[in-house]
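# Structural overview for review
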Amino acid sequence: MRVLIALFIALFIFGCASQGVRYTYDEIKNYPPEIQERIAKGEIALGMTKEQVRLAWGNPSSVRVLTPEKGKQREEWIYSSSLGLLKSRLIFVDGKLTYIISNEQRIIGEE
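Residues numbered from 1 in each chain as written. Predicted model: local features only at pLDDT ≥ 70, side-chain atom pairs only at ≥ 80, totals over all residues. Heavy atoms only, no water.

Under an unreviewed UniProt entry, the name given to the protein is Lipoprotein SmpA/OmlA domain-containing protein, and the source organism is Thermodesulfovibrio obliviosus.

Right, dumping it as structure tokens:
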């Protein structure tokens, strides 16, 4: 039983582990220092662009184009762990991160 619990914990941690570096310095050097720092830490924050989020978290598990609202383009990105236990829904409005619905720990909730 202990072996089974240890195996589950190891799989959970491995499934939630960071994806490692997803960018080069040249790709982020023109962003403001605070955005560069967030990307380097694998954090996201409201107001980030789709590209900045992709550099921080990698490619989403799925992407869905939502119905425009008040003439603004909307897109939903879903991130889930390999075990499907952690899930984050990110909503972009006109290319900027506007809503975060998540149980992920690497999020800065304010712009």
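### Considering the side chain of Gln 36
For the record, the criterion: Each helix is a run of H or I in the DSSP string that is no shorter than four residues. Each strand is a run of E no shorter than two, and both are numbered from the N terminus. When a residue's accessible area, from a 1.4 Å probe over protein chains only, is under 20% of the maximum for its type it is buried; when over 50% it is exposed; and in between it is partly exposed. As used in this structure description, the phrase polar contact means that two N or O atoms lie within 3.5 Å; if the pair is within protein, one of them must be able to donate a hydrogen and the other to accept it, and residues adjacent in sequence are counted only when both atoms belong to side chains. Any pair of residues with heavy atoms lying within 4.5 Å of one another is described as a contacting pair.
Summarising the element assignment, Gln 36 is placed in helix 3 (residues 33-41). Taking the relative accessible area as the measure of exposure, Gln 36 reaches 19% and is therefore buried. Among the polar contacts listed, one links the side chain of Gln 36 to the backbone oxygen of Ile 28, at a separation of 3.4 Å. Look past the residues within four positions of Gln 36 in its chain and what remains in contact with it is Tyr 25, Ile 28, Lys 29 and Tyr 31.

### Let's talk about the pairing of strand 4 (residues 87-93)
Test applied: Two strands pair under a simple rule: DSSP has to find at least two bridges between them.
When you tally the buried positions in strand 4, you get five out of seven residues, the bulk of the element. Of the pairings in the sheet, the one linking strand 3 (residues 72-80) to strand 4 comprises seven bridges and is antiparallel in character. Among the inter-strand pairings, Glu 75 is bridged to a residue of strand 4, identified as Phe 92. Turn length for the strand 3-strand 4 hairpin, with the two strands adjacent in sequence and antiparallel, is six residues, and the turn residue Gly 84 shows positive phi of about 75°. Here strand 4 pairs with strand 5 (residues 96-102) via six bridges, running antiparallel. Each bridged residue has a counterpart across the sheet, and for Arg 89 the counterpart in strand 5 is Ile 101. Where strand 4 hands over to strand 5, the hairpin turn is made up of two residues, of which Asp 94 adopts a positive phi near 50°.

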